[in-house]
Every structure is written in structure tokens, then in C-alpha cells.
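Listed below are the residues making up each chain.
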Amino acid sequence: MEPKRIIIVGATSGLGLNIAGRFIAEGWRVGAVGRNVEALGRLRELAPDRVQTAVIDITAADAAEKLLALIETMGGIDIYFHCSGILRESDPQATVATNVGGFTRMVSAAFGYFRRTRSAGRLVAISSIAGTRGLGDLPCYSATKAYDSTYLEALRQLADKEKLPLRVVDIRPGWTRTPLLDDNKHYLLEMDQQTVCRSIFRAILRARRTAIIGLRWQLLCTLQRHLPAPLWQRLHLPLWH
């Protein structure tokens, strides 16, 4: 049997790099996308016959075109996995450009591929528990992640409306120790990267709609969603110390 095919956007660091390594180890054909040429080269060396790479800046106008070219090179895909984002409250424009503009550009291109070919597959993306409610300490980041989750929900409804054999999955990790986080801060209910990536790997393959990573975060997010707006406004939850 031909190995399954997955494209991972954001495969050169953090969660994306870890997940790319897991799929390569499992024998998949992997299309690794990122901006770090050296990191992409190291992934290619793991399995030169099964790993394709593409240097893509998701904020660039030609990013979608390059993604579709990689899909064609791979002969199609079974899973598109978007794992690219930044947390930079000091630069809200850059945060929006990546987490909203780049996210929309790449995810909509992947959805367009599945829509056009009507091939069975999965469109999976990392959003965040930060998008559950607006966070006063992270207004831009929490807003962009809420956008990502809403966009995925809309694509899921559209896929159902058009009867596409496509499953759209929103993965929402809690705070995980990766380069995304500030090394000088300890975050609320912070989780180990290896533990989180094991859960994300399973969710990519099995989750039906939404996967909140971490039992404590599942409970906390449920509580957040049900708090009345006036109470949430006055609840200054410490996100780090």
C-alpha cells in the first residue's frame, strides 16, 4: 500500500516539528513547510524518499500558490495540518498577519483543494484555548485564535452542506512549553510538549470536530464558556507568573 500523505505547515519548530517527526517515523509521506531552510533539510534527511519540503512564508501573497504546487508534487494529500502561529502582543499587526491573514490564506487553499478534487481527507489546524474568551492580558492573540476556531467551524458547515468527504478538525492545546512562550514566565496549567504532542498526534487522526488538549483545560474551558459576561469581565485570571 502507498503510504498516507500529510502536509504540515509550521513544521520547523515547536509542536509542528515534533508532529512532523512522528508522522515520518510512522512511515507517512510528509510535506514539511516552514521558513527555516536548515530545519527543513534535517527533516528531509530523516527519510529522503518520503519527505518533501517547501520554504513558504504564510504571510506572503504567493504562499497559497506554493502550497498547491507542493500538493501536486506529492500527488495529492490525505491530511492538511496547519500548525503555524505567533504570540507577539507587542506587535499586533504581525500577530494578525500570521494568525489571521496567513491562517486564512493557507487553510482556504487547502480547503479549496479538497473541495475541487472531492477527495476524502482531513483539514486539521491548531487554534488555542486562548480563543475561548477574550483575554485582557492577550487581547490580540486571544482574538486571532477565536477567529481561527470560528473559521474552521464555518468550513466544517460548508463541507457538510456540499457533502464533501472532508473532516475539519480544530485542535486547541493549553499552554505548552514551546518557543512560542516567554522563557521568563511560567504559564497557567503549563503542559509538557511531549505529552501534548502525543495527544495532538492522536487527535489529527481520530478527532471528529474539536479536541481540547488536557483534561484540566477541558474542564476550565467549559467553565469559561458558561460564565456570564459581567463576571468574566471582572475575573482577572492570572495567565502566568
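Residues numbered from 1 in each chain as written. Predicted model: local features only at pLDDT ≥ 70, side-chain atom pairs only at ≥ 80, totals over all residues. Heavy atoms only, no water.

**Q** What exactly am I supposed to notice about the pairing of strand β2 (residues 29-34) here?
**A** On a regular strand, each side chain points to the face opposite its neighbour's, so the side chains alternate between the two faces of the sheet. With 5 of its 6 residues buried, β2 lies for the most part within the structure. Where strand β1 (residues 5-9) meets β2, 5 bridges bridge the pair, whose relative direction is parallel. Bridge assignment links Arg5 to a residue of β2, and that residue is Arg29. In this fold, β1 hands off to helix α1 (residues 14-25), which returns the chain to β2; that crossover is right-handed. (Buried < 20%, exposed > 50% of the residue type's maximum accessible area, 1.4 Å probe, protein only. Helix = DSSP H or I, 4+ residues; strand = E, 2+ residues; numbered from the N terminus. Pairing = 2+ DSSP bridges. Right-handed = clockwise from strand over helix to strand, strands pointing away.)

**Q** Teacher, can you tell me more about the packing of helix α4 (residues 92-117) against helix α5 (residues 139-161) here?
**A** A pair of packed helices can be characterised by two numbers: the angle between their axes and the separation between those axes. Their axes nearest at 9 Å, the elements α4 and α5 cross at an angle of 10 degrees. Taken together, the axes of α4 and α5 lie roughly parallel to each other. Our pair here, α4 against α5, has a crossing hand that is right-handed. Side by side, α4 and α5 meet where Pro92, Thr95, Val96, Asn99, Val100, Phe103, Thr104, Val107, Ser108, Phe111 and Arg115 of the first sit next to Cys140, Tyr141, Thr144, Lys145, Tyr147, Asp148, Tyr151, Leu152, Leu155, Leu158 and Ala159 of the second. (Axes fitted to C-alpha atoms, helices over the stretch in contact; angles between N-to-C directions. Parallel < 35°, antiparallel > 145°, perpendicular 65-115°, else oblique. Left-handed = near helix turned anticlockwise from the far one by under 90°. Contact = heavy atoms within 4.5 Å.)

**Q** Please explain the environment of Gln93 as it appears in this structure.
**A** Along the chain, Gln93 falls in helix α4. Separated by 47 residues in the primary sequence, Gln93 and Cys140 have C-alpha atoms spaced 9.0 Å apart.

**Q** I'm lost on helix α6 (residues 193-206) in this one. Help?
**A** In an α-helix, one turn spans 3.6 residues; hence positions three or four apart end up facing the same way. Between its terminal C-alpha atoms α6 stretches 20 Å, which fits the 20 Å expected from 14 residues at 1.5 Å a residue. Here α6 has its buried residues at Gln193, Val196, Cys197, Ile200, Phe201, Ala203 and Ile204. Buried residues of α6, viewed axially, fall in a sector of 165 degrees; they line one side. Where α6 begins, the side chain of Asp192 points an oxygen toward the backbone nitrogen of Gln194, at a separation of 3.1 Å. (Expected span 1.5 Å × (residues − 1). Arc of directions from axis to C-beta. Polar contact = N/O pair within 3.5 Å; in protein donor to acceptor, adjacent residues only side chain to side chain.)

**Q** So what exactly am I meant to see when it comes to the nonpolar core here?
**A** For soluble globular proteins, the rule of thumb is that nonpolar side chains tend to be buried together. In this structure, Phe81, Ile171, Ile200 and Ile204 are the most contacted members of the largest nonpolar core, which totals 47 residues. When near neighbours in sequence (up to four residues on either side) are disregarded, Ile171 contacts Phe81, Val124, Ala125, Ile126, Ser127, Ser128, Ile200, Ala203, Ile204, Ala211 and Ile213. Judged by nonpolar contacts, the second largest core, of 31 residues, contains Val33, Ile77, Met106 and Tyr151. (Core = buried A, V, L, I, M, F, W, Y, C linked by side-chain atoms within 4.5 Å.)

**Q** Looking at this model, I keep getting lost on the sheet that holds strand β7 (residues 210-213). Mind explaining?
**A** The strands making up a sheet associate through hydrogen bonds between their backbones, and the pairing can be parallel or antiparallel. Read across the sheet, 7 strands follow the order β3-β2-β1-β4-β5-β6-β7 without closing on themselves; strand pairing throughout is parallel. The outermost strands of the open sheet, each flanked by one partner alone, are β3 (51-55) and β7. When the angles between neighbouring strand axes are averaged without regard to direction, this sheet yields 15 degrees. Along the sheet face, α1 touches β1, β2, β3, β4 (79-82) and β6 (166-173) and points at about 165 degrees away from the line of β1.

**Q** I would appreciate a short explanation of the packing of aromatic side chains in the present structure.
**A** The geometry of an aromatic ring pair is captured by the separation of the ring centres together with the interplanar angle, meaning the angle of the planes. One pass over the structure, following the stated rule, counts 8 aromatic pairs. Consider the rings of Tyr141 and Trp175, whose centres lie 6.4 Å apart with planes at 25 degrees: the pair is stacked. Of this pair, Tyr141 sits in helix α5 while Trp175 sits in the loop between β6 and α6, and the two are 34 residues apart along the sequence. This pair shows no difference in class: Tyr141 is buried, exactly as Trp175 is. Centre to centre, the rings of Trp175 and Tyr187 are 5.3 Å apart; their planes meet at 45 degrees, and the pair counts as tilted. Taken together, the residues span a long stretch of sequence, with Trp175 in the loop between β6 and α6 and Tyr187 in the loop between β6 and α6 at a distance of 12 residues. Accessibility expressed as a relative area gives 4% for Trp175, which makes it buried. Under the relative-accessibility criterion, Tyr187 is labelled buried at 8%. Members of the aromatic cluster, each reached through a chain of ring pairs, are Tyr141, Trp175, Tyr187 and Trp240. (Phe/Tyr/Trp six-rings, centres within 6.5 Å; stacked < 30°, edge-to-face > 60°.)

**Q** How do you make sense of the pattern of salt bridges when you look at a structure like this?
**A** Between side chains of opposite charge, pairing is possible as soon as their charged atoms come close. Applying the stated criterion to the full structure yields 7 salt bridges. Glu190 serves as the salt-bridge partner of Arg177, at 2.9 Å between the closest nitrogen and oxygen. Of this pair, Arg177 sits in the loop between β6 and α6 while Glu190 sits in the loop between β6 and α6; the two residues are 13 residues apart in sequence, bridging distant segments of the chain. Using a relative accessible area of 25% as the deciding quantity, one classes Arg177 as partly exposed. (Salt bridge = Lys/Arg side-chain N within 4 Å of Asp/Glu carboxyl O.)

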